[in-house]
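# Summary of structural features
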Amino acid sequence: MRDQSRRVIAAMERDLIEETGIRSLKIRHNNILGYFIEATANTAKPLLSPPLSDTFRHRQTMANAVRFTTVELVGIEGRIATAGERALGLEQDIFNELAAGIAAAEAELLALAAALGALDCVTGLAEVAEEQGYVRPHLDDSTAFEIRGGRHPVVEQALKAAKSGAFIENDCLLGRPALPPRPAGFDEAVHARVWLVTGPNMAGKSTFLRQNALITVMAQMGSYVPARAADIGIVDRLFSRVGASDDIARGRSTFMVEMIETAAILNQASDRSLVILDEVGRGTATFDGLSIAWATVEYLHDVSKCRALFATHYHEMTA
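By convention here, each chain's residues receive numbers from 1 onward along its written sequence. Where local features are concerned, this predicted model is filtered to residues with pLDDT of at least 70; where side-chain atom pairs are given and counted, the filter is 80 or more; whole-chain, interface and lining totals use all residues. Hydrogen atoms and water are omitted, and side-chain values are computed over all heavy atoms in the structure.

On to helix α7 (residues 254-268). Counting from the N terminus, the helices are DSSP H or I runs at least four residues long and the strands are E runs at least two residues long. Helices are assigned an expected span. That span is 1.5 Å times one less than the residue count. Compared with an ideal rise of 1.5 Å per residue, which puts 15 residues at 21 Å, α7 spans 22 Å between its outermost C-alpha atoms and is within 8% of the ideal. Contacts are residue-level and defined by heavy atoms, with any inter-residue pair within 4.5 Å sufficient. Along its buried surface, α7 packs onto β10 (238-241), β11 (274-278) and α8 (286-304).

This next bit is on a negative patch on the surface. Judged by side-chain charge, Asp15, Glu18, Glu19 and Glu72 come together as a negatively charged surface patch. Positionally, Asp15 belongs in helix α1 (residues 5-20). What goes into a patch is any residue over 30% in relative accessible area without a salt bridge, connected to like charges within 9 Å or, for nonpolar side chains (Val, Leu, Ile, Met, Phe, Trp, Tyr), within 5 Å. Surface accessibility follows the Shrake-Rupley procedure with a 1.4 Å probe radius. Residue values consider only the protein chains on display as shielding. In the sections that follow, a salt bridge refers to a side-chain nitrogen of Lys or Arg positioned within 4 Å of a carboxyl oxygen of Asp or Glu. Working convention for charge: Lys and Arg count positive, Asp and Glu count negative, and His plus the chain ends are omitted. To locate a charge, take atom NZ for lysine, CZ for arginine, CG for aspartate or CD for glutamate.

Looking now at the sheet that holds strand β6 (residues 145-150). In this description, strands pair whenever DSSP reports at least two bridges between them. Spatially, β5-β9-β6-β7 is the arrangement adopted by the four strands of the open sheet, whose pairing is mixed. Strands with a single pairing partner mark the edges of an open sheet, and in this sheet they are β5 (138-140) and β7 (170-174). Across the sheet, the mean angle from the axis of one strand to that of its neighbour is 15°, orientation sign disregarded. Here β6 pairs with β7 via four bridges, running antiparallel. Helix axes are fitted only over the stretch in contact, all axes being lines through C-alpha atoms; the angle between N-to-C directions runs from 0 to 180 degrees.

Summary of the burial criterion: residues with accessible area below 20% of their type's maximum are buried, those above 50% are exposed, and those between are partly exposed, where the area comes from a 1.4 Å probe applied to protein chains only. Along strand β4 (residues 65-69), five of the five residues are buried, which leaves the element largely enclosed by surrounding structure. Two strands pair when backbone bridges link them, and strand β2 (residues 34-40) and β4 are joined in this way by four bridges, in the antiparallel orientation. Note on β4: the bridge partner recorded for Ile37 is Phe68. Relative to β4, strand β3 (residues 57-61) runs antiparallel, the two being bridged by four bridges. Its bridge partner being in β4, Arg57 is matched across the sheet by Thr69.

Take α1 next. Residues three or four positions apart in an α-helix share a direction because the helix packs 3.6 residues into each turn. Taking 1.5 Å of rise per residue, 16 residues should cover 22 Å, and α1 covers 23 Å from first to last C-alpha, within 8% of that figure. Where α1 is concerned, the buried positions are Ser5, Ile9, Met12, Glu13, Leu16, Ile17 and Thr20. With its buried residues spanning 140° around the axis, α1 presents them on a single face. Exposed residues lying more than 90 degrees from the buried face of α1 are Arg7, Arg14 and Glu18. The inward-facing, buried residues of α1 abut β1 (26-30), β2, α2 (45-48) and α3 (71-104). Taken from the residues just after α1, Gly21 is the one with a positive phi, measuring 75°. The directions considered for the arc are those from the helix axis to the C-beta atoms.

A few words now on unusual backbone geometry. The omega torsion across Pro50 and Pro51 is 5°, close enough to zero to call that bond cis. At Glu279, a position not held by glycine, the phi torsion is positive, near 55°. Residue classification places Glu279 among the buried positions, given a relative accessible area of 17%. Residues other than glycine seldom take positive phi values, yet Lys305 does so here, at roughly 55°. Here Lys305 is to be found in the loop between α8 and β12 (307-311).

Just geometry here; none of it tells us what the structure is for.
Rendered as structure tokens:
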């Protein structure tokens with residue numbers, strides 16, 4: 001009645017035309033009379049005489065028209081006027097009933113939602129692993145970090161979407177070798193705790209750092225990982241200092257933010273942590289930045305003894 005009042009009035013108008021045989025009869029509305037039945041002066045005479053006058057009550061005579069109402073029209077007008085409030089009341093009653101039902105089944109619904117959420121998560125991970133050729137990582141209590149043929153899960157998808165070619169997989173070998181001993185000197189260097197990652201801009205240093213951090217997170221959350229093989233000793237915490245951002249509101253420059261975050265990493269990283277640092281020391285003079293980067297790497301290696309990837313443009317450090 002609230003939304004279809006025009007259709008209701010039009011249907012009533014058709015019924016009245018059939019009942020009276022007056023083709024010019026109309027149901028109209030104004031702010032003074034509300035809804036009323038109008039017939040021309042020439043055709044209104046039957047409505048003023050019995051038996052139709054018992055149904056049609058005269059309301060107003062105009063120069064060219066006569067207006068009437070009926071008990072049915074008055075009733076419909078009242079229902080239309082109150083339809084919005086009645087509909088809102090019905091909606092509120094239904095909503096309250098639904099809310100009460102939900103409240104009564106709160107524990108069961110929460111358990112169901114949690115189960116569906118967990119199921120959605122693991123099936124989503126399984127689907128991605130199947131579609132993208134991920135492998136099951138091996139996790140243990142060692143300090144191993146051996147990823148063969150690793151890939152960045154997001155960049156790989158972006159390249160596929162842009163049809164820009166396949167992501168070039170790469171290895172990362174930190175900590176102790178996970179496989180049986182190699183010939184003397186074969187893998188001792190590449191299995192150092194800290195890697196200095198060098199190369200020109202746009203060579204993929206940042207991608208390499210983030211890729212290995214993501215693989216670690218995925219492995220420890222129970223997901224398969226984008227690699228050909230992965231052997232990872234459990235990481236207690238993962239620290240990253242990547243990108244360049246300032247905090248002007250607190251009076252901190254880009255360099256200051258970098259130093260605060262680097263200091264937090266050096267103070268908290270343990271021998272079971274994984275640290276990725278991207279061009280620490282770049283926000284100041286060359287030799288000052290080199291000194292900071294050098295000291296940071298030495299501390300991570302000698303004191304923290306953590307597994308770390310350190311991207312840098314300072315060739316003096318590699319020497």
